[in-house]
Amino acid sequence: MKYISTRGKDKLSSSFEAIVKGIASDGGLFMPEKFNKVNLSQDIKDRMDYRDFAEVIISTIFDDIDKKILREIIDKAYSKENFSVDNALKVEEVNSLYIMELFHGRTSAFKDFALSILPYFILLAKDKDKKIGILTATSGDTGKAALEGFKNLKDTFIIVFYPTDGVSPIQKYQMLTQEGTNVYAIGIKGNFDQAQSALKDAFNDKELRDFLELKNILLSSANSINIGRLVPQIVYYFYAYYDLVKKSKIKDGEEINVAVPTGNFGNILAAYLAKVMGLNIGNFIVASNKNNVLTDFFNSGIYNANREFYKTNSPSMDILISSNLERLLYLKAPEELNSYMESLKNNGTYKISDECRKSLKEFKGYYAEDDEALEIIKKYYKNFDYLCDTHTAVCLKAVEDYLKENDDNRKILLASTASFYKFPASIGKALNISGSDDFNIIENINKITNIPIPENLKNLDKKEILQNIVIDKEYIKKEIMKILGDNDEN
Ligand SMILES: *Cc1c(COP(=O)(O)O)cnc(C)c1O
């Protein structure tokens with residue numbers, strides 16, 4: 001497969017290059033030259049093994065990775081060790097909605113789906129004599145999932161930058177206690193957008209590149225700007241759809257809607273790519289929290305990041321620059337994209353053309369405030385005996401609002417993106433469960449609900465703190481040079 005930058009200048013001739021490079025040199029994001037339709041055999045639909053779906057779908061895009069090797073990688077990535085349920089996910093029927101639980105991986109967030117496999121792609125892609133430095137900004141869940149994915153991997157280093165005050169205490173503890181010889185979690189004073197933009201600059205920094213070139217180190221990214229992360233996420237939409245077919249909840253070919261709690265626009269873009277590749281999806285319900293820049297965008301055609309940034313109880317969605325939206329706009333209006341991105345960079349805002357806006361009709365933006373999310377958590381627990389996290393709650397609220405405004409009886413598949421145990425303070429507040437600290441609240445929620453605590457979140461407070469660097473964002477580049485420079489010597 002050939003790849004092209006959304007901004008048109010950078011072209012690559014293989015999936016490997018696109019995965020290792022992460023971000024294009026013109027500042028754009030890599031896209032495959034085309035998306036072929038997925039061809040799932042009846043046999044695969046009958047067998048319903050997640051790894052079969054992954055093989056067919058990933059190889060449709062990454063068609064230059066050897067099939068046999070790809071299958072080996074998939075088997076390792078989606079193994080019983082990495083996911084605690086069969087076939088990596090579960091679809092639960094709650095209040096006539098189908099909740100796709102994507103949080104049964106190693107770090108209890110959906111990020112595990114992509115970050116269990118991305119390290120293998122990068123190892124495959126890299127030159128034997130080169131080392132790889134993975135740089136990643138996180139709004140909470142990517143960081144831990146990436147650290148786990150890359151830990152102790154040969155010839156790679158991973159540095160995760162997280163906003164010190166922008167992640168939940170549990171998310172932070174997950175990163176601070178990270179073990180591994182090649183892992184670094186670094187706190188940034190600032191928010192996710194600032195961390196992400198400082199990193200994007202680092203990627204295109206000449207001095208840094210030259211320094212790393214001398215040391216034989218290539219930079220890559222584990223953020224969802226990396227196409228190697230996006231592609232594995234397409235798989236679960238197909239899998240969940242056919243799970244519903246198999247359980248006779250929908251007919252094969254029936255059109256459904258999809259709802260996704262959205263931050264950087266990666267997960268919902270993967271759903272859209274599933275549609276491009278042949279899955280019958282009607283509307284996409286884009287759920288945001290109080291940082292509702294996407295809600296306004298889909299309602300008005302104006303993207304405006306010049307607004308107050310809020311810290312909410314769904315921190316992984318506290319984002320004002322949703323990077324992957326660029327990929328959607330590229331698919332819809334490639335010749336207009338550069339002017340939009342230019343305007344975003346210079347003015348923090350852009351307005352899309354009427355035609356482009358029309359082409360986005362299937363995207364429906366809704367948002368929920370913090371207290372509305374807590375109300376939903378309480379309601380779903382009391383009425384339907386289903387406990388969800390704050391991000392999923394934002395999405396459930398968006399779906400309720402969508403259904404109020406639209407007479408639409410298509411079934412809805414809703415992505416549940418994290419275990420509620422990652423956000424105990426909010427769950428405690430919603431259900432009136434208290435405790436001396438987050439860890440104690442986890443125990444109390446467990447006692448009251450009897451829902452098992454995921455292995456990786458047990459006794460987190462008793463683990464040793466191994467990562468404790470905090471810096472100003474101006475020093476990101478320096479810190480990268482220090483870490484990667486030092487590592488080269490030993
Ligand atoms: C990352 C994350 C999101 C947002 O996903 P995007 O792909 O960035 O839109 C939503 N919920 C949780 C729990 C997350 O970790």
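Residues numbered from 1 in each chain as written. Predicted model: local features only at pLDDT ≥ 70, side-chain atom pairs only at ≥ 80, totals over all residues. Heavy atoms only, no water.

1. Structural notes on the UniProt feature "modified residue: N6-(pyridoxal phosphate)lysine" (unreviewed entry) in the chain
Taking the UniProt record as the reference, the feature "modified residue: N6-(pyridoxal phosphate)lysine" (unreviewed entry) is found at K111. Tracing the sequence through the fold places K111 in helix α5 (residues 111-115). The class of K111 is buried, set by a relative accessible area of 10%. (UniProt positions renumbered as here; feature names shortened; annotations may be inferred. Helix = DSSP H or I, 4+ residues; strand = E, 2+ residues; numbered from the N terminus. Buried < 20%, exposed > 50% of the residue type's maximum accessible area, 1.4 Å probe, protein only.)

2. Considerations on the pattern of salt bridges
Side chains that differ in sign of charge can pair as their charged atoms come close. A full pass over the atoms with the stated rule returns 38 salt bridges. Taking the shortest distance from any N to any O, the salt bridge between K21 and D10 comes out at 2.9 Å. Highlighted residues: K21 in helix α1 (residues 15-21) and D10 in the loop between β1 (3-5) and β2 (11-12), separated in sequence by eleven residues. Classification of D10 by relative accessible area gives buried; the value is 10%. For K90, the salt bridge identified is with E92, shortest N-O distance 3.7 Å. E92 sits in the partly exposed class, given a relative accessible area of 28%. (Salt bridge = Lys/Arg side-chain N within 4 Å of Asp/Glu carboxyl O.)

3. Regarding the packing of aromatic side chains
In the structure shown here, the tally under the stated rule is 27 aromatic pairs. Here the aromatic rings of F83 and F113 are separated by 5.0 Å at their centres, their planes lie at 50°, and the arrangement is tilted. One end of the pair, F83, is in the loop between α4 (67-77) and β4 (90-94); the other, F113, is in helix α5, with 30 residues separating them in the sequence. Each member of the pair, F83 as well as F113, carries the same accessibility label: buried. Considering the side-chain rings of Y303 and Y350, the 5.4 Å spacing of their centres and the 5° angle between planes classify their relative orientation as stacked. Separated by 47 residues along the polypeptide, Y303 in strand β12 (residues 302-304) and Y350 in strand β13 (residues 349-351) bring together distant segments of the chain. Just as Y303 is buried, Y350 falls in that class too. Taken together, the aromatic side chains of Y50, F53, Y78, F83, F113, Y236, Y237, Y239, Y241 and Y242 make up a single cluster linked through ring pairs. (Phe/Tyr/Trp six-rings, centres within 6.5 Å; stacked < 30°, edge-to-face > 60°.)

4. Looking at the UniProt feature "domain: Tryptophan synthase beta chain-like PALP" (unreviewed entry) in the chain
As annotated in UniProt, the feature "domain: Tryptophan synthase beta chain-like PALP" (unreviewed entry) corresponds to residues 95-409 in the numbering used here. Secondary structure content for residues 95-409 is 48% helix and 18% strand, and the end C-alpha separation is 14 Å.

5. A closer look at the nonpolar core
In this structure, Y237, F238 and L329 are the most contacted members of the largest nonpolar core, which totals 114 residues. Per element, the largest residue contribution to this core is 14 residues, and it comes from helix α11 (residues 227-246). Lining this core are residues from two domains, each supplying at least three of them: domain 1 (90-107 + 227-419) and domain 2 (131-215 + 459-489). Residues in contact with Y237, not counting those within four places in the same chain, are M100, V258, V260, N267, I268, A270, A271, A274, L279, L413 and A415. (Core = buried A, V, L, I, M, F, W, Y, C linked by side-chain atoms within 4.5 Å. Domains from an automatic or database assignment. Contact = heavy atoms within 4.5 Å.)

6. Here's the deal with the site of the ligand
With respect to spatial proximity, 15 residues lie near the ligand, and among them K111, D141, G263, N264 and T417 are the closest. Between an oxygen atom of the ligand and a main-chain N or O atom of N264, the distance comes to 2.7 Å. In the environment of the ligand, an oxygen atom lies 3.2 Å from a nitrogen or oxygen atom belonging to the backbone of G266. Summarising the interface, the protein chains cover 98% of the accessible area of the ligand, which totals 390 Å² for the free molecule. With respect to the detected pockets, the ligand is housed in the largest cavity. A breakdown of the residues in the shell around the ligand according to their chemical character gives five nonpolar, eight polar and two charged. (Near = heavy atom within 4 Å. Polar contact = N/O pair within 3.5 Å; in protein donor to acceptor, adjacent residues only side chain to side chain. Areas by Shrake-Rupley, 256 points an atom, 1.4 Å probe, with all protein chains shown as cover. 1 Å grid on protein atoms, 1.4 Å probe; cavity = no way out; pocket = protein on both sides within 12 Å on 5 of 7 lines; lining within 4 Å. Sits in = over half its atoms within 2 Å of the grid points. Nonpolar A, V, L, I, M, F, W, Y, C, P; charged D, E, K, R; others polar.)

7. Digging into empty space enclosed by the protein
To locate leftover empty space, one rolls a probe as large as a water molecule over the atoms. For the coordinates displayed, the defined rule picks out two cavities of 30 Å³ or more. The calculated volume of the largest cavity comes to roughly 270 Å³. For the largest cavity, the lining is made up of 26 residues, of which F110, K111, G263, N264 and S316 are closest to its centre. Secondary-structure elements contributing two or more residues to the lining of the largest cavity are α7 (141-150), β10 (256-261) and α12 (266-276). Take the lining of the largest cavity: its biggest share by element is three residues, from α12. For the lining of the largest cavity, the per-class residue count stands at ten nonpolar, 13 polar and three charged. Summarising the domain contributions, the lining of the largest cavity has at least three residues from each of domain 1 (90-107 + 227-419) and domain 2 (131-215 + 459-489). Space inside the second largest cavity adds up to approximately 40 Å³. For the lining of the second largest cavity, the per-class residue count stands at four nonpolar, three polar and one charged. (Points joined across faces, edges and corners; volume = space filled by probe spheres on them.)

8. Digging into unusual backbone geometry
For M48, which is not glycine, the phi torsion reads 50° and is therefore positive. Among the structural elements, M48 can be located in the loop between α2 (42-47) and α3 (50-61). According to the relative accessible area criterion, M48 is buried, its value standing at 8%. Even without glycine at this site, S96 takes up a positive phi of about 65°. Tracing the backbone shows S96 in the loop between β4 and β5 (97-101).

9. Describing the pairing of β4
With five bridges connecting them, β4 and β5 associate as antiparallel partners. Among the inter-strand pairings, V91 is bridged to a residue of β5, identified as M100. Joining the antiparallel neighbours β4 and β5 is a turn of two residues, in which N95 adopts a positive phi near 50°. (Pairing = 2+ DSSP bridges.)

10. Here we look at the layout of surface pockets
Approximately 830 Å³ is the volume attributed to the largest pocket. In this structure, the largest pocket is lined by 28 residues; those nearest its centre are R7, K200, M341, L344 and K345. The set of elements that each furnish at least two residues to the lining of the largest pocket consists of α9 (192-203), α14 (325-332) and α15 (334-347). For the lining of the largest pocket, the leading source of residues is α9, giving six residues. For the lining of the largest pocket, the residue count by class is nine nonpolar, ten polar and nine charged. Both domain 1 (90-107 + 227-419) and domain 2 (131-215 + 459-489) contribute no fewer than three residues apiece to the lining of the largest pocket. Roughly 580 Å³ of internal volume is contained in the second largest pocket. In terms of lining, the second largest pocket is formed by 27 residues, of which the most central are F103, H104, I451, P452 and P454.

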